[in-house]
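Reading the structure
The chain contents come next:
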Amino acid sequence: EAGVTQSPTHLIKTRGQQATLRCSPISGHTSVYWYQQALGLGLQFLLWYDEGEERNRGNFPPRFSGRQFPNYSSELNVNALELEDSALYLCASTIVGAYEQYFGPGTRLTVT
Amino acid sequence: AQRVTQPEKLLSVFKGAPVELKCNYSYSGSPELFWYVQYSRQRLQLLLRHISRESIKGFTADLNKGETSFHLKKPFAQEEDSAMYYCALSGRSFQKLVFGTGTRLLVSP
């Protein structure tokens, strides 16, 4: 069974640009979570999507947004990039009703 | 608010020594607790969940609700156990994972 996949592996953008990160969950998983792993800040919850709807968001500004598609894949968009957005962005998926999450390899976003 | 504390940033032991990675949590509801491990250049992997009470790779963790702890233990550390370990908390009222800051375990020969 394939695990959670994320693309691209690396993304380099300049300040003020927009970044789009993609995630495909494990087959059968309907919930997708996004986390930011920034140096010195640990893993911070960003967004949770389930059945195409945003269910919860973490303490991040509105320029962090996303969506979930009918096939349960998800996209994270970061607008007006700032230098401090440089981080590893992790996607995780789970089945409905479960608490344990399964993680993808991450997308390393570098903002210059 | 939910919170997970891992007091040690780095734990360095010799091969064959016992290991205990500490985790304390703060949550007024019924917690769901997990240990995740991240080996070098690999993705974050689920190691243990408290509800299954299983032993994976020789590691065990017991939920102590009185002390609000979920420490990870292994009687004899191996070099391949060297990795970053994260304790994580979830619950019905917030449906996300709250992570501790992680402990790097270094097992020397």
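For the structure, see preceding data.
Residues numbered from 1 in each chain as written. Chains lettered and ligands numbered in written order. Predicted model: local features only at pLDDT ≥ 70, side-chain atom pairs only at ≥ 80, totals over all residues. Heavy atoms only, no water.

Before going further, it helps to spend a moment on the interface of chain A and chain B. Residue-level contacts link 17 residues of chain A with 17 residues of chain B. For the pair chain A and chain B, the summed buried area comes to about 1600 Å², and 56% of that belongs to carbon and sulfur atoms. Residues arginine 49 of chain B and glutamate 100 of chain A are paired through a salt bridge, measuring 2.9 Å at the closest nitrogen-oxygen approach. At the junction of chain A with chain B, the criterion picks out seven residue pairs in polar contact (both at pLDDT 80 or more). Of all the secondary-structure elements, those providing two or more residues to the side of chain A that touches chain B are strand S4 (31-38), strand S5 (42-50) and strand S10 (102-103) of chain A. Looking at the side of chain A that touches chain B residue by residue, the class counts come to eleven nonpolar, five polar and one charged. (Contact = heavy atoms within 4.5 Å. Buried area = accessible area lost by both parts, 1.4 Å probe. Salt bridge = Lys/Arg side-chain N within 4 Å of Asp/Glu carboxyl O. Polar contact = N/O pair within 3.5 Å; in protein donor to acceptor, adjacent residues only side chain to side chain. Helix = DSSP H or I, 4+ residues; strand = E, 2+ residues; numbered from the N terminus. Nonpolar A, V, L, I, M, F, W, Y, C, P; charged D, E, K, R; others polar.)

Right, let's get into the side chain of threonine 94 of chain A. Summarising the element assignment, threonine 94 of chain A is placed in strand S9 (residues 87-94). Beyond its immediate sequence surroundings of up to four residues, threonine 94 of chain A is in contact with His29, Thr30, Ser31, Tyr33, Glu100 and Gln101 of chain A.

Structurally, the position occupied by tyrosine 89 of chain A is in strand S9. Spatially, the C-alpha atom of tyrosine 89 of chain A lies 11 Å from that of threonine 20 of chain A, the residues being 69 residues apart in sequence.

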